[in-house]
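So you can see what is in the structure, the chains are spelled out below.
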Amino acid sequence: MTHTGTVLRVPPISPQLHDAVGERYAALDLPAAPAARAAFLAEHGADIVGIVCSNVSPVDADLIAALPRLGVIANHGVGYDNIDIPAALDRGIAVSNTPDVLDDAVAETALALLLAVRRQVVAADRFVRDGRWLDGSFPLTDQVAGSRVGILGLGRIGQAVATRLEAFGCTVSYHNRHRLADVPYDYAASPVELAAGVDSLVAVVPGGAGTAALIDGEVLDALGPTGVLINIARGSVVDEPALVAALRDGRLGGAGLDVYADEPRVPAELTTMDNVVLLPHLASGTHPTRAAMRALTLDNLASWLADGTLRTPIPELAQ
Ligand code: NAP
Ligand code: 8YV
């Protein structure tokens, strides 16, 4: 069945994706201000058949309810915790994401953060720029090679991280809710058990209620004063105040973060710590990866409008 109607762009989305949607379809942008949004939805809500959004564009039940003809939500990103999935499924709305095409870029970001924290790359760069090398050598550091790394969320991206870690001679272990039969890595039955047995912990589980504060104070204490946390998942996966306190009190050795609880705001205390490396949610932010994500987002939208099918439906639709 062919669908016709207007596509709603829910900000923020990249300028390239914004323009590509506008070139292909009748498209409108959802206003951010509440009063303007209410007036917009009253005027245009009944025309909207599709949404294009990114992982930071909230598509909540109220928005879905205001769009009586909405049939598809094409999410630019593999994580879709920004979308009220039960509300969408209750309405029979198709939801797509962008899995696989970003695995390499995100996995190398995890390695970049792990190397930067363990080898203190950012602090060493500042050491040279500040002229302090003239006064003596930079202190010895830890290293990634040969270390024990735990992966919390050994899925598509987690396995891409594990493959890279093997090349560094690391010992990899993991925790999922379900043990995998065909991987050469030790399984830990809980996040605490995983953290207690590794030097560094890489978080790459989905966001949302099911993983909220999955990494809490107990997990951080199990990782310990020489342990390092790498978070490339979602900020919500970590108890952020507990993380800040553990780093401040020396109960955690360091952290490399790409995601935060309240992006783009970052706890000020983290910005003063030399054993913390901070990235602005850029793990998939490379030219080829974002081009592939954009193409897949557009393919999903075009496919649904043409015949009601999706290239990459979210797993909940397959159940
Ligand atoms: P995926 O293939 O679905 O892998 C997710 C893994 O997490 C699965 O192995 C799953 O195994 C495990 N998991 C889910 N819930 C869990 C829980 N409560 N406890 C323990 N393990 C759990 O997804 P992916 O493609 O690797 O992407 C993972 C996430 O990375 C995304 O959802 C997104 O939030 C994040 N991400 C971030 C960026 C960035 O820019 N920083 C970019 C891309 C993705 P079980 O089902 O067996 O538990
Ligand atoms: C973002 C991500 O989607 O894919 C995900 O889940 O977190 C990132 O790739 C990206 O920042 C564009 O929205």
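Residues numbered from 1 in each chain as written. Chains lettered and ligands numbered in written order. Predicted model: local features only at pLDDT ≥ 70, side-chain atom pairs only at ≥ 80, totals over all residues. Heavy atoms only, no water.

Further remarks concern helix α1 (residues 15–24). All buried positions along α1 are accounted for by L17, A20 and V21. Take α1 and look down its axis: the buried residues cluster within an arc of 100°, on one side only. Across from the buried face of α1, at angles greater than 90 degrees, the exposed residues are P15 and E23. Elements that come into contact with the buried residues of α1 comprise β1 (6–9), β2 (27–29), β3 (48–54), β4 (72–76) and α11 (287–307). (Buried < 20%, exposed > 50% of the residue type's maximum accessible area, 1.4 Å probe, protein only. Helix = DSSP H or I, 4+ residues; strand = E, 2+ residues; numbered from the N terminus. Arc of directions from axis to C-beta. Contact = heavy atoms within 4.5 Å.)

Our next topic: the site of ligand 2. Lining the immediate surroundings of ligand 2 are S54, N55, H76, G77, V78, G79, L102, R234, H281, S284, R290 and M293. Within the backbone of G79, an N or O atom sits 2.8 Å from an oxygen atom of ligand 2. In the model, an oxygen atom of ligand 2 is placed 2.8 Å from a nitrogen or oxygen of the H281 side chain. Protein chains bury 88% of the 330 Å² of accessible surface belonging to ligand 2 in isolation. Considered class by class, the residues forming the shell around ligand 2 number 3 nonpolar, 7 polar and 2 charged. (Near = heavy atom within 4 Å. Polar contact = N/O pair within 3.5 Å; in protein donor to acceptor, adjacent residues only side chain to side chain. Areas by Shrake-Rupley, 256 points an atom, 1.4 Å probe, with all protein chains shown as cover. Nonpolar A, V, L, I, M, F, W, Y, C, P; charged D, E, K, R; others polar.)

Around ligand 1 lies a shell of 27 residues, among which R156, R177, H178, I232 and D258 are the nearest. I157 places a polar main-chain atom, nitrogen or oxygen, 3.0 Å from an oxygen atom of ligand 1. Protein contact buries 87% of the 930 Å² of open area that ligand 1 shows by itself.

Orientation of α1 relative to α11, taken along the N-to-C sense of each, is 30°, at an axis distance of 10 Å. When the axes of α1 and α11 are compared, the pair comes out roughly parallel. For the element pair α1 and α11, the recorded crossing hand is right-handed. Every residue of α11 that contacts α1 at Q16, L17, A20, V21 and R24 is listed here: R294, T297 and L298. (Axes fitted to C-alpha atoms, helices over the stretch in contact; angles between N-to-C directions. Parallel < 35°, antiparallel > 145°, perpendicular 65-115°, else oblique. Left-handed = near helix turned anticlockwise from the far one by under 90°.)

Once that is clear, we can look at the sheet that holds strand β9 (residues 200–203). Here we have 7 strands laid out as an open sheet, ordered β8-β7-β6-β9-β10-β11-β12, and parallel in their pairing. With one partner strand each, in any of the chains shown, β8 (186–187) and β12 (276–278) form the two edges of the open sheet. Of the pairings in the sheet, the one linking strand β6 (residues 148–152) to strand β7 (residues 171–175) comprises 5 bridges and is parallel in character. Looking across to β7, one finds that L152 is bridged to H175. With respect to the sheet, helix α5 (residues 103–118) is in contact with β6, β9, β10 (228–231), β11 (254–257) and β12, its orientation differing from that of β10 by roughly 150°. (Pairing = 2+ DSSP bridges.)

Time to look at unusual backbone geometry. Put simply, P11 and P12 share a cis peptide bond, and its omega is 0°. Take P12: it is sitting in the loop between β1 and α1. With an omega of 5°, the peptide bond running from E263 to P264 counts as cis. Here P264 shows up in the loop between β11 and β12. Look at Q120: it is not a glycine, yet its phi comes out positive at around 55°. Structurally, Q120 can be placed in the loop between α5 and α6 (121–129). According to the relative accessible area criterion, Q120 is partly exposed, its value standing at 31%. Backbone geometry places H281, a non-glycine residue, at a positive phi of 45°. Judged by relative accessible area, H281 falls into the partly exposed class, the value being 21%.

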